[in-house]
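# Close look at the chain arrangement
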Amino acid sequence: MVIGLNLLRGRHLANAVTSAASMGFLLFGYDQGVLSGLLLSDRFNNQFQLMATVNGQQIQNAAKVANIVSIYEMGCLFGAAFILFTGEALGRRRSMLVGTSILIVGAALQASAFGVPQIVVGRIIAGFGNGMNSATIPVYNSEVSRTKNRGRDLAIGQAMLIAGLALSYWFDYGLSFINSDANWRLPIAFQTVFAVSLILMLIDLPESPRWLLARGRVSDARTVLAHLESDSAKPTDAIVVAQSREIEEAIELERSVSGDFSYKELFEGGEMQNFRRLCLCFGIQLMQQMGGINLISYYLTLVFKSMGLSDNMSRLLSGFNGLAYFVSALIPVLYIERLGRRRSMMTCAVGCSASMAILGILLAVNPAGTGIQGRAAVAMMFTFNTFFSIGWLAIPWLYPAEICTLRLRSKGSATATISNWLFNFTIVQVTPVAIQNLGWKTYIMFAIFNASFIPMVYFFYPETALKPLESIDTIFSSPDKYKIGTGEDVFSRDQPQLEGSAGDFEEKAGDDRSGVLA
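Owing to the predicted nature of the structure, the values given are computational and were not obtained by experimental measurement. Residue numbers restart at each chain and count upward from 1, following the sequence in its written direction. The predicted origin of the model limits local features to residues at a pLDDT of at least 70 and limits the giving and counting of side-chain atom pairs to 80 or more, whereas totals for whole chains, interfaces and linings rest on all residues. With hydrogens and water excluded, all non-hydrogen atoms of the structure serve as input to the side-chain values.

As a further point, take the overall build of the protein chain. Along the backbone of the protein chain there are 22 helices and four strands. Note on exposure labels: buried denotes an accessible area under 20% of the residue type's maximum, exposed denotes more than 50%, and partly exposed covers the range between, all computed with a 1.4 Å probe on protein chains only. Looking at the protein chain residue by residue over its 518 residues, the buried ones come to 58%. Contacts are assigned to residue pairs with any non-hydrogen atoms lying within 4.5 Å of each other. Considering only contacts in the protein chain between residues 6 or more positions apart, those separated by 24 or more positions represent 81%. Within the structure as shown, the protein chain displays about 19,200 Å² of accessible surface, and the carbon and sulfur contribution to it stands at 63%. Secondary structure counts use DSSP, requiring at least four H or I residues in a row for a helix and at least two E residues in a row for a strand, with both numbered from the N terminus. To be clear on the numbers: accessible area is Shrake-Rupley with a 1.4 Å probe, and residue cover counts the displayed protein chains and nothing else.

Quick look at the structure:
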């Protein structure tokens, strides 16, 4: 029996899956941003004794703040590692249900905290649940989406992540005028609204058909495929059987090459190039985090305050920055497939690097952040977010699910997510201390990091846009597999490419495979 096939079929079911994934990312974004505004709350700082007296002045204890904020990332890392070893056994849908339930427990502990130990434990638990979700949602979404919509669907999810981030900034700002503990407890507790909504949405959604086929549940998988295909399709229809067989053949090919799964094969090359794929998964999230985005996501209010702005203006600008970030995050929804993965990442790395370099120079000239230099420095925060959202927001979450084979997909996504949270933790831990001690040099450091990503993408990351998941293996098994990434696209050169039309697929070479999900 397939759970979650009660009401929706066809396009409505596919949209419901995208909506659930988007709700998961909305929750993710809100949880990331909510603490940013609270770090300026006197009630929050007094509750957890975050202020210290230095030379007769009250300043925030940067190390203590970094520990409270960054411990969440360690929880996320452990949650992603848990999926690495248990994701295939649990399945996509159950992993998200368990992860979201754990997150609710962590949020409740944080919102009711009266001391540092409780809020730390709450952030670890909430992080564990979010780590499970962030390692699973991109896989689930990509395995159910059609080829022509796969990038768009993930881009929508990432736009909702930024919507959650922006919402948290404005929620913090609105409640900052309340002189009670509600000005920090309520924003933390509010994330449970999104978590409960996600659980309710998942109840009526099916498991990934690819995961079902990998477990030998052919009948259940074809039922899901039929429901995804159209309002009237049946599991025995030729088009549904063709979809199922294509996925089954890919699974059999993997098993014929590698046999039963062993964790040893994660570190092997061979025909399937598993270790190379995992390195690409790990590397793309490393680049996303080391570019400096969480300098902004977690500490934007503190960054603005360090530039001489008032608490109120810092919160207000953070809110507007979140809105601008959300608008720019909608651009990939329209253009992610047209621009491709490689071009988007390289072009936007140039923009991110330039934004950070100019920001650093402006603050070096005018450390107080006043006058025209200060306004230009604030503008660079906005331009950095714009470039990042176009090229580096969605793709690092989408790419690992695209380049990994079915048996490796949950592990590749988990590896990428572990990398995300490991370097997220690094940046969140270091940033407050770096801003206090290095000042403008902090931004020059991030400018150098972003510039270094351009040759890394150019030489090592192949293009995956508009390619069916089962066909991307051609990139890694072709005779030119080690030359891919220098600009040539082996698959588009040697193979006919599938394109979508009105939700179906037609092969340019004339082979009738319309409707094949990939």
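Attention now goes to helix H18 (residues 395-403). Of all the nine residues making up H18, nine are buried; the element is thus mostly covered by neighbouring parts of the structure. For H18, every residue scored as buried is listed here: Ile395, Pro396, Trp397, Leu398, Tyr399, Pro400, Ala401, Glu402 and Ile403.

Our focus in this paragraph is the environment of Trp184. In this fold, Trp184 is placed in helix H7 (residues 182-189). When the C-alpha positions of Trp184 and Phe171 are compared, they lie 9.8 Å apart, and in sequence the two are 13 residues distant. Setting aside residues up to four positions removed in sequence, Trp184 forms contacts with Leu38, Arg43, Phe44, Gln47, Phe48, Gln110, Ala111 and Ala113.

Caution is warranted with low-pLDDT regions, since their predicted coordinates should not be read in detail. Looking at the protein chain as a whole, the pLDDT averages 83, with 89% of positions reaching at least 70. Per-element averaging of pLDDT across the protein chain places strand E4 (residues 504-507) at the bottom with 34 and helix H4 (residues 92-111) at the top with 96. Predictor confidence is given residue by residue as pLDDT, running from a minimum of 0 to a maximum of 100. The low-confidence segment residues 484-518 (pLDDT under 50) makes 90 contacts with residues lying over four places distant or belonging to another chain.

The subject of this paragraph is the environment of Ser36. Structurally, the position occupied by Ser36 is in helix H1 (residues 10-38). What makes Ser36 buried here is its relative accessible area of 1%. A C-alpha to C-alpha distance of 9.0 Å links Ser36 and Ile296, two positions 260 residues apart in sequence. Those residues in contact with Ser36 that sit more than four places away from it in its chain are Tyr169, Ser297, Tyr298, Tyr299, Leu300 and Thr301.

Any carboxyl oxygen of Asp or Glu within 4 Å of a side-chain nitrogen of Lys or Arg constitutes a salt bridge here. For the coordinates displayed, the defined rule picks out eleven salt bridges. Asp220 is the salt-bridge partner of Arg217, the closest N and O atoms lying 3.1 Å from each other. When the shortest N-O distance is used, the salt bridge between Arg341 and Glu402 registers 2.6 Å. Taken as a pair, Arg341 in helix H16 (residues 341-365) and Glu402 in helix H18 lie far apart in primary sequence, 61 residues in all. For the pair Arg341 and Glu402, a shared accessibility class is recorded, and that class is buried. Because the salt bridges share partners, they merge into one network encompassing Glu88, Arg92, Glu143 and Arg409.

Turning to the packing of helix H13 (residues 293-306) against helix H19 (residues 406-437), a few remarks are in order. The packing of two helices is summarised by the inter-axis angle and the distance between the axes. To obtain each axis, a line is fitted to C-alpha atoms, and for helices this fit is confined to the stretch in contact; angles are then taken between N-to-C directions over 0 to 180 degrees. Viewed as axis vectors pointing N to C, H13 and H19 meet at an angle of 10 degrees, and their least axial separation amounts to 10 Å. What the angle tells us is that H13 and H19 run roughly parallel. Contact residues: Asn294, Leu295, Tyr298, Tyr299, Val303 and Ser306 in H13; Trp421, Asn424, Ile427, Val428, Thr431, Pro432 and Ile435 in H19. Grouping the constituent residues of the contact of H13 with H19 by class yields nine nonpolar, four polar and no charged. Roughly parallel means an angle under 35 degrees; roughly antiparallel means over 145; roughly perpendicular covers 65 to 115; every other angle is labelled oblique. Gly is placed with the polar residues, together with every amino acid not listed as nonpolar (Ala, Val, Leu, Ile, Met, Phe, Trp, Tyr, Cys and Pro) or charged (Asp, Glu, Lys and Arg).

One can describe the packing of helix H6 (residues 147-175) onto H18 by two numbers: an axis separation of 9 Å at closest approach and a directional angle of 145 degrees. Judged by the sense of rotation from one axis to the other, the crossing of H6 with H18 is right-handed. Here Arg150, Gly151, Leu154 and Gln158 of H6 lie close against H18, whose contacting residues are Trp397, Leu398 and Glu402. In terms of residue class, the contact of H6 with H18 is made up of three nonpolar, two polar and two charged. Each crossing gets its hand from how the near helix is turned against the far one by less than a right angle, where anticlockwise is left-handed and clockwise is right-handed.

If you trace the backbone, Asn179 turns up in the loop between H6 and H7. Once the C-alpha coordinates of Asn179 and Asp42 are considered, the two residues, 137 residues apart in sequence, prove to be 9.1 Å apart.

This paragraph deals with the side chain of Arg341. Among the residues examined, Arg341 registers a relative accessible area of 0% and is labelled buried. Polar contact criterion, stated in full: a pair of N or O atoms within 3.5 Å, where within protein one must be able to donate a hydrogen and the other to accept it, and residues adjacent in sequence count only if both atoms are side-chain atoms. Here Ile336 takes part through its backbone oxygen, which lies 3.5 Å from a polar atom of the side chain of Arg341.

Moving on, we get to the packing of aromatic side chains. The geometry of an aromatic ring pair comes down to the distance between the two centres and the angle between the two planes. Here is the rule: rings of Phe, Tyr and Trp (six-membered ring for Trp) pair when centre to centre is within 6.5 Å. Planes less than 30 degrees apart are stacked, more than 60 are edge-to-face, and the remainder are tilted. As enumerated under the stated definition, the model contains 22 aromatic pairs in all. On the basis of an interplanar angle of 70 degrees and a centroid distance of 6.4 Å, the ring pair of Phe25 and Trp397 is categorised as edge-to-face. Residue Phe25 is found in helix H1, and its partner Trp397 is found in helix H18; the two are separated by 372 residues along the sequence. Exposure class is identical for Phe25 and Trp397. Each is buried. Grouped by ring-pair contacts, the aromatic residues Phe25, Phe28, Tyr72, Trp397 and Trp421 constitute a single cluster. A cation over a ring is seen here: Arg185 above Phe114, with NZ or CZ 4.3 Å from the ring centre. To sit over a ring, a charge needs its Lys NZ or Arg CZ within 6 Å of the ring centre and within 35 degrees of the ring normal.

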